[in-house]
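Architecture and fold: a report
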Amino acid sequence: MLQACRRPFMLLYIHFPFCRSKCAYCAFASGPGSREDIAAWTRLVCAEARLWGRRLAKPELQTVYLGGGTPSLLPPESLHRLVHTLQSAFVWPQGIEWTLEANPDSFQDPAYAKSLYDLGVNRISFGVQSMADRELDLLGRAHTAAQAVRAVTLAREAGVSNISLDLLWGLPGHTLTQWEHTLEQALALKPRHLSCYGLTPEPDTPLAGDLEARAIPPLPDEDMLTAMYDHTVDALGQFGLEQYEIANFAQPGWESQHNSGYWQGWPYLGLGPAAVSTLEGSRWTNPTHLAAYARAVTQQTLGQSAHQLTCRERCLETLMLQLRTRAGLDCSTFAREFGTDPLTACPELCAQLQNQRLADIAAGTLRLTSAGMLMANSITERLSSVLLPSH
Ligand code: SF4
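Here the structure is a predicted model, which means the values were calculated and not measured.

To continue, consider the overall build of the chain. A count of helical and extended segments in the chain gives 16 helices and 15 strands. Against the 2.2 N^0.38 benchmark of 21 Å for 391 residues, the chain shows a C-alpha radius of gyration of 21 Å, consistent with a compact globule. Out of the 391 residues in the chain, the part that is buried amounts to 51%. A fraction of 72% describes how many contacts in the chain between residues 6 or more apart in sequence connect residues 24 or more apart. Split by element, the accessible area of the chain, about 17400 Å² in all, is 51% carbon and sulfur. Taken together, the 30 basic and 38 acidic charged side chains of the chain have centroids lying 9 Å from each other.

Okay, structure coming up:
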């Protein structure tokens, strides 16, 4: 169990596990919830926030991120209660990044958009996924492309200018032309930030079942996926959205501070069912189901399953996360922490990556190029086979 202590800062993630319906490709800890479930969730998360506020001696927050699920299903009065509780349990400096994830179908009311702005939400991440209704149907999404346009317009009219859109490429039967269409339509909304993920059909989802049964067209082949990724990097770059992580693009200065914090290994506290926390090298996951989570909150057993990350786990995680970012792997910091400098331990691999234009090395930092990022997993594997400690 973690001891009470004061921290300079901490990322705060709150997991809202409910959605209007379940998308065909989704394997997240989320699903439909009743009004009573949402009310219970609000009560429990507030209780958990007070608990950690006491245990950690009211730590200072660096960012706040309410994700899900579909947090835009939270009624304004519940959100008000949650924000009020967080502000008394933690030190919440004015103006920190405060993100709410939203789905377009639950973001069609101007009064709702205004209430979020009034509660200080200063960044909204919309789950748009596609700007073609036929593709949205295939994914089992509950919204239309027109609703996505209206949601973004309402958020901006309410005063939230930091808008991010999530998009998916590599859908069953997806062509480059179809992906170009979605990107063009999304860019026409002038987002500050875009997250573009390649679809990975998770086992046991309806989409994976349909693919296996050949009830829907197959996924694009490797060449097509590479063409889609290359087009994404080029098109967004021309629009002034720079790739700062394999799947994330932003106007300079509008990168997600919350996600950048994860990639840099900052401490984070997760509230809500299934939320993960990592503080002082210790990690735990809250129970996934609402009833089990409620028991853990009531009995104050949250965090009891925490385990200290091993040096090997931290080393692998650092490689995996930092190699995916444009900031890259700071090899001297890595050497100080793990005792081995990747540049001196793997000179041949580093030279090969440079010659193949998969990486740039300058001032002790190993940065993968856009082409290299696409191979981040295999590069991480090769580096880790040399660098990972045995414990
Ligand atoms: S909206 Fe997101 S979290 Fe909810 S079911 Fe769809 S993909 Fe899953």
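Let's pick the thread back up.
Another aspect to go through is the domain arrangement of the chain. The assigned domain composition of the chain is domain 1 (10-263) and domain 2 (311-387). Of note, the centres of domain 1 and domain 2, computed from C-alpha atoms alone, are 29 Å apart. Of the roughly 890 Å² buried at the junction of domain 1 and domain 2 (both faces included), carbon and sulfur atoms supply 61%. Linking domain 1 with domain 2 are 1 salt bridge, by the criterion used here. A salt bridge links Glu245 to Arg324; the shortest N-O distance between them is 2.9 Å. On inspection of domain 1 and its partner domain 2, the count reaches 5 residue pairs in polar contact (both at pLDDT 80 or more). Listed by contribution, the elements that provide at least two residues to the side of domain 1 that touches domain 2 are α8 (222-238), β7 (242-245) and α9 (257-263). A per-class count over the side of domain 1 that touches domain 2 returns 6 nonpolar, 2 polar and 1 charged.

The next point concerns the pairing of strand β4 (residues 123-129). Most of β4 is tucked away: 7 of the 7 residues are buried. The alternating pattern of β4 places Arg123, Ser125, Gly127 and Gln129 on one face and Ile124, Phe126 and Val128 on the opposite face, and all of these are buried. Sheet analysis places strand β3 (residues 97-102) next to β4, joined by 4 bridges and oriented parallel. Among the inter-strand pairings, Leu100 is bridged to a residue of β4, identified as Ile124. Summarising the sheet, β4 and strand β5 (residues 162-169) pair through 6 bridges and their orientation is parallel. Note that in β5 the partner of Gly127 across the bridge is Asp166.

Around the ligand sit Cys19, Ser21, Lys22, Cys23, Tyr25, Cys26, Phe28, Ser30, Gly69, Thr70, Asn103 and Arg141, and that is every residue in its neighbourhood. Classifying every residue of the shell around the ligand gives 5 nonpolar, 5 polar and 2 charged.

Okay, the sheet that holds strand β14 (residues 359-362) next. Strands sit in the order β13-β15-β14 across an open sheet of 3 strands; the sheet is antiparallel. The open sheet has two free edges, formed respectively by β13 (329-330) and β14, since each of these has just one partner strand. With 2 bridges connecting them, β13 and strand β15 (residues 365-368) associate as antiparallel partners. Paired with Asp330 across the two strands is Thr365, which belongs to β15.

Quick look at the side chain of Ser125 now. Mapped onto the elements, Ser125 comes out in strand β4. Looking at Ser125, the relative accessible area reads 4%, which means it is buried. The contacts of Ser125, once residues within four sequence positions are left out, are Tyr65, Thr99, Leu100, Glu101, Ala102, Ser164 and Asp166.

All chains considered together, the criterion is met by 11 aromatic pairs. Relative to Trp41, the ring of Phe16 lies with its centre 4.9 Å away and its plane at 85°, an arrangement referred to as edge-to-face. Of this pair, Phe16 sits in strand β1 (residues 10-16) while Trp41 sits in helix α1 (residues 35-55), placing them 25 residues apart in sequence. In this structure Phe16 comes out as buried when scored by relative accessible area, which is 0%. On the numbers, 6.4 Å between centres and 45° between planes, the contact of Trp169 with Tyr229 is tilted. With Trp169 in strand β5 and Tyr229 in helix α8, this pair connects stretches of sequence that are 60 residues apart. Each member of the pair Trp169 and Tyr229 is classed as buried.

This next bit is on the packing of helix α3 (residues 110-118) against helix α5 (residues 145-158). Two packed helices can be described by the angle between their axes and the distance between those axes. Relative to each other, α3 and α5 sit at 45°, their axes nearing to 8 Å. With respect to α5, the element α3 is oriented oblique. α5 is crossed by α3, and the crossing has right-handed handedness. Across the interface between the two elements, Pro110, Ala113, Lys114 and Tyr117 from α3 touch Arg150, Leu154, Ala155 and Ala158 from α5. Looking at the contact of α3 with α5 residue by residue, the class counts come to 6 nonpolar, no polar and 2 charged.

All right, on to the nonpolar core then. Leu66, Phe90, Phe107, Phe126 and Leu269 are the most contacted members of the largest nonpolar core, which has 95 residues in total. Per element, the largest residue contribution to this core is 8 residues, and it comes from α1. The two domains that each donate at least three residues to this core are domain 1 (10-263) and domain 2 (311-387). Once residues lying within four places of it in the same chain are set aside, the contact partners of Phe107 are Ser72, Ala102, Tyr112, Ala113, Leu116, Ile124, Phe126, Ala151, Leu154 and Ala155. In terms of nonpolar packing, the next biggest core, distinct from the first, is built from 11 residues, Ala24, Leu199, Leu207 and Leu211 among them.

Rules and cut-offs
The residue count restarts for each chain, going from 1 along the sequence in the order it is written. Side-chain atom pairs in this predicted model are given and counted only at pLDDT of 80 or more, local residue features only at pLDDT of at least 70, and totals for whole chains, interfaces and linings cover all residues. Calculation of side-chain values draws on the structure's entire complement of heavy atoms; hydrogens and water are dropped beforehand. A run of H or I in DSSP counts as a helix once it spans at least four residues, and a run of E counts as a strand once it spans at least two, with each numbered from the N terminus. As defined in this context, the radius of gyration uses C-alpha atoms, and a globule is described by 2.2 Å times the residue total to the power 0.38. Relative accessibility decides the category of a residue: with a 1.4 Å probe and only protein chains considered, values under 20% of the type maximum give buried, values over 50% give exposed, and everything between is partly exposed. Throughout, a residue-residue contact means that at least one pair of heavy atoms, one from each residue, lies within 4.5 Å. What sets the accessible areas is the Shrake-Rupley method with a 1.4 Å probe; for residues, cover comes only from the shown protein chains. Neither His nor the chain ends is counted toward charge; the positive residues are Lys and Arg and the negative residues Asp and Glu. Working definition for charges: the position is that of NZ of Lys, CZ of Arg, CG of Asp or CD of Glu. Those domain boundaries reflect an automatic or database domain assignment. Summed over both partners, the accessible area (1.4 Å probe) lost when two parts come together is defined as the buried area. Salt bridge, as used here: a side-chain nitrogen of Lys or Arg that lies within 4 Å of a carboxyl oxygen of Asp or Glu. A 3.5 Å cut-off defines polar contacts: any pair of N or O atoms within that distance qualifies, except that in protein one atom must be a possible hydrogen donor and the other a possible acceptor, and neighbouring residues in sequence count only when both atoms are side-chain atoms. In this classification, the charged set is Asp, Glu, Lys and Arg, the nonpolar set is Ala, Val, Leu, Ile, Met, Phe, Trp, Tyr, Cys and Pro, and all remaining amino acids, among them Gly, are polar. A pair of strands is treated as paired once DSSP finds two or more bridges between them. Being near a molecule or strand, for a residue, means having at least one of its heavy atoms within 4 Å of it. Working definition: rings of Phe, Tyr and Trp (its six-membered ring) pair if their centres are within 6.5 Å, and the pair is stacked with planes under 30 degrees apart, edge-to-face with planes over 60 apart, and tilted otherwise. Lines fitted to the C-alpha atoms define the axes, with helices restricted to the stretch that makes contact. Angles between their N-to-C directions range from 0 to 180 degrees. Angle categories are assigned with fixed cut-offs, so that under 35 degrees is roughly parallel, over 145 is roughly antiparallel, 65 to 115 is roughly perpendicular, and the rest are oblique. Handedness of each helix crossing follows the sense of rotation of the near helix against the far helix: counterclockwise by less than a right angle gives left-handed, clockwise gives right-handed. Residues enter a nonpolar core if they are buried and are Ala, Val, Leu, Ile, Met, Phe, Trp, Tyr or Cys, with the set joined through side-chain atoms within 4.5 Å.

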